[in-house]
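A look at the structure
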Amino acid sequence: APLFFWMCGCQKRNMSKKTLNKTNLEALGADRLADLLLEVSTGSADIKRRLRLELSHNLGPAELAHDVRKRLATLRKSTSFVGWRKRKALIKDLTTQVTMIVDRIGPDDPSAAFDLLWQFIELAPAIYMRVDDSKGDVGAVFRTAITAFDKIAPRALLDPKALADQVWSAVCDNGYGEWDGIITRLSPTLGHTGLAQLKRHAQQHLESPDAKEQDTHEAIEFLRQLRGGPTYAADKKARFVKAVLQEIAAATGDTEGYITQFSEQDLQRPKIAAEVATLLMQQNRASDAFHVLIQADLAHAGPDQDAWDDAYVACLVAQDRGEDAQAFRLNCFMETLRPEPLRDYLKELPDFDDVEAEDRAKAHALTFPHALKALKFLIEWPDLLSAATLVEQRFDEIDGDYFAFLTPTAEALRHRYPLAAVLLWRAMINATLTGGAASRYVYAANDLNDCALCDAQIEDYGHFKSHSEYVEDLRSHHAHKKSFWTKIP
């Protein structure tokens, strides 16, 4: 036994020496590592480029900055489309340039790093035009890169007014959103002087006539006046200036300046009213916040209703109207089945009262008019027993076209409540075959297979057809859908 453990220990030590880590590689020695790097770099432009950048860094930040600048210029001039085979190489190349700028040049020469990082972000439009970024991984490189201004800009030697001019030019030409948030990030560096300069730019831009408007014929201008209201271009300009001024206000903590950029019409939108009310409550102005909220137009709030509801409850609490807040929370839940208002409502109840209230809420969900919304609530709460009960009691109301929701819901139920899971799979199968959605036949076949796997766990199908009866019924009604049946084992 001792010999066995000694041999295992030796083998473990030998294995640890083969692990690819810094200590083991250093043991190879500089000469051997240099040979290996030359060998692995053969035929790899990425590795060669990285090695040259590291050699430049050894010569100093100025030399490395020169090489990075050259590479950025090459990327800017390139026009060839980047296919999926070269996509990873491009992302790696872009990431390498950011690393050199931020981690190598930044610590020694922040001013040069700032200039290079700016040039890098300016590359975004040219890169986006020649690569498919549907996955968003190319954009992620630029979104990550812009965050480096947070630590580089404060140490760079920058003139606030010149920087404000530079920022203004960037936000005016922000076609791909590559400069989103730049005012906020650079506000400490811009300071009062730079931000004041930005405000002047924004105001002058708003007041200056559009070049196209100046050349417009008087007759066309007359027709525009007959239609009333600003032109599309003027409206777009106003929205842009408002966004800039609001970002400046938010960056400087000027809540009042931020709010004043909203028009009365803006404040009637529930989402904006909720945002403004929240800001006012942060300043202990609950009565003003309440006034803003009740002026909002809730007739067509849609998805913005939730934000308004949350702000309204917070406003009631801020005004020490606890009972009103509780009543509103309960009403919100009863009408929408949103879990958040119910959780907040239950937290404020005494012990044991909350249990009874929760039971009543679940009973309400079981009879809620919209079956899928009720099922969603019960799954999220979670209460799988009630969810399974709802599926069995209201199967005819379940729309099998909602695959994205029903698929994970069936998986959540399959182990403890297999009959409910089978019914959800059947709903999706029925919707697919009835609708003749051939592209989904493979998923329907998988669902039918899952039904077969769960069949042994179901002792009683109740008033529903057994698995064999259900399959026979499918064959009877959809025998002509041969491309589906060929996918069944």
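Look up a bit, the structure's there.
Here is a short report on the structure shown in this document. Keep in mind that this is a model prediction, so the values were computed, not measured.

So, on to unusual backbone geometry. Each neighbour pair has its own omega, and for Trp 381 with Pro 382 the value is 0°, a cis peptide bond. Here Pro 382 shows up in the loop between α24 (371-380) and α25 (384-393). The phi torsion at Leu 337 lies on the positive side, around 65°, for a residue other than glycine. Note on placement: Leu 337 falls in the loop between α21 (322-336) and α22 (339-347). A relative accessible area of 3% means that Leu 337 is categorised as buried.

What follows is about α22. Regarding α22, the residues found buried are Pro 339, Pro 341, Leu 342, Tyr 345 and Leu 346. End-on view of α22: buried residues confined to an arc of 165°, all on one side of the axis. Looking at the buried residues of α22, the elements they touch are α21, α23 (353-366) and α24.

A complete count under the given rule lists 18 aromatic pairs for this structure. Between Tyr 128 and Tyr 176 the ring centres are 5.1 Å apart and the planes differ by 40°, which places this aromatic pair in the tilted class. Linking Tyr 128 in helix α8 (residues 124-128) with Tyr 176 in the loop between α11 (160-172) and α12 (182-207), this pair joins segments that are 48 residues apart in sequence. Relative accessible area serves as the criterion here: at 16%, Tyr 128 is assigned to the buried category. Joined through ring pairs, the aromatic side chains of Phe 114, Trp 118, Phe 149 and Trp 179 make up one cluster. A cation over an aromatic ring shows up here: Arg 343 above the ring of Trp 381, its NZ or CZ 4.3 Å from the ring centre. The ring centre of Trp 485 lies 4.1 Å from the NZ or CZ of Arg 475, which sits over that ring.

Once that is clear, we can look at the pattern of salt bridges. If charged atoms from side chains of opposite charge come close, those side chains can pair. All told, the structure shown has 20 salt bridges when counted by the stated rule. The residue Arg 239 makes a salt bridge to Asp 235 at a minimum N-O spacing of 3.2 Å. With Arg 239 and Asp 235 both in helix α15 (residues 232-251) and four residues apart, the pair spans about one turn of that helix. Look at Arg 239 and you get partly exposed, because its relative accessible area is 41%. Between Glu 411 and Arg 414 there is a salt bridge; the shortest N-O distance is 3.1 Å. Take Glu 411: its relative accessible area is 35%, and that puts it in the partly exposed class. In the salt-bridge network here, residues are joined through shared partners; they are Asp 306, Asp 310, Arg 338 and Glu 340.

This part covers the environment of Ala 456. Mapped onto the fold, Ala 456 is located in the loop between α28 (441-455) and α29 (467-478). Along the backbone, Ala 456 and Pro 418 are 38 residues apart, and their C-alpha atoms lie at a distance of 9.6 Å.

In this structure, Phe 120, Phe 142, Phe 149, Ile 182 and Leu 186 are the most contacted members of the largest nonpolar core, which totals 56 residues. Beyond its immediate stretch of four places on either side in the chain, Ile 182 contacts Trp 118, Ile 146, Phe 149, Val 167, Val 171 and Glu 247.

Among the surface-exposed residues, Asp 351, Asp 353, Glu 356 and Asp 359 lie close enough to one another that they form a single negatively charged patch. By the secondary structure assignment, Asp 353 is in helix α23. When its relative accessible area of 38% is taken as the criterion, Asp 353 is described as partly exposed.

Each value, and the rule that gives it
Residues numbered from 1 in each chain as written. Predicted model: local features only at pLDDT ≥ 70, side-chain atom pairs only at ≥ 80, totals over all residues. Heavy atoms only, no water. Helix = DSSP H or I, 4+ residues; strand = E, 2+ residues; numbered from the N terminus. Buried < 20%, exposed > 50% of the residue type's maximum accessible area, 1.4 Å probe, protein only. Arc of directions from axis to C-beta. Contact = heavy atoms within 4.5 Å. Phe/Tyr/Trp six-rings, centres within 6.5 Å; stacked < 30°, edge-to-face > 60°. Lys NZ or Arg CZ within 6 Å of the ring centre and 35° of its normal. Salt bridge = Lys/Arg side-chain N within 4 Å of Asp/Glu carboxyl O. Core = buried A, V, L, I, M, F, W, Y, C linked by side-chain atoms within 4.5 Å. Patch = residues over 30% accessible without salt bridge, like charges linked within 9 Å, V, L, I, M, F, W, Y side chains within 5 Å. Areas by Shrake-Rupley, 256 points an atom, 1.4 Å probe, with all protein chains shown as cover. Lys, Arg positive; Asp, Glu negative; His and termini not counted. Charge placed at Lys NZ, Arg CZ, Asp CG, Glu CD.

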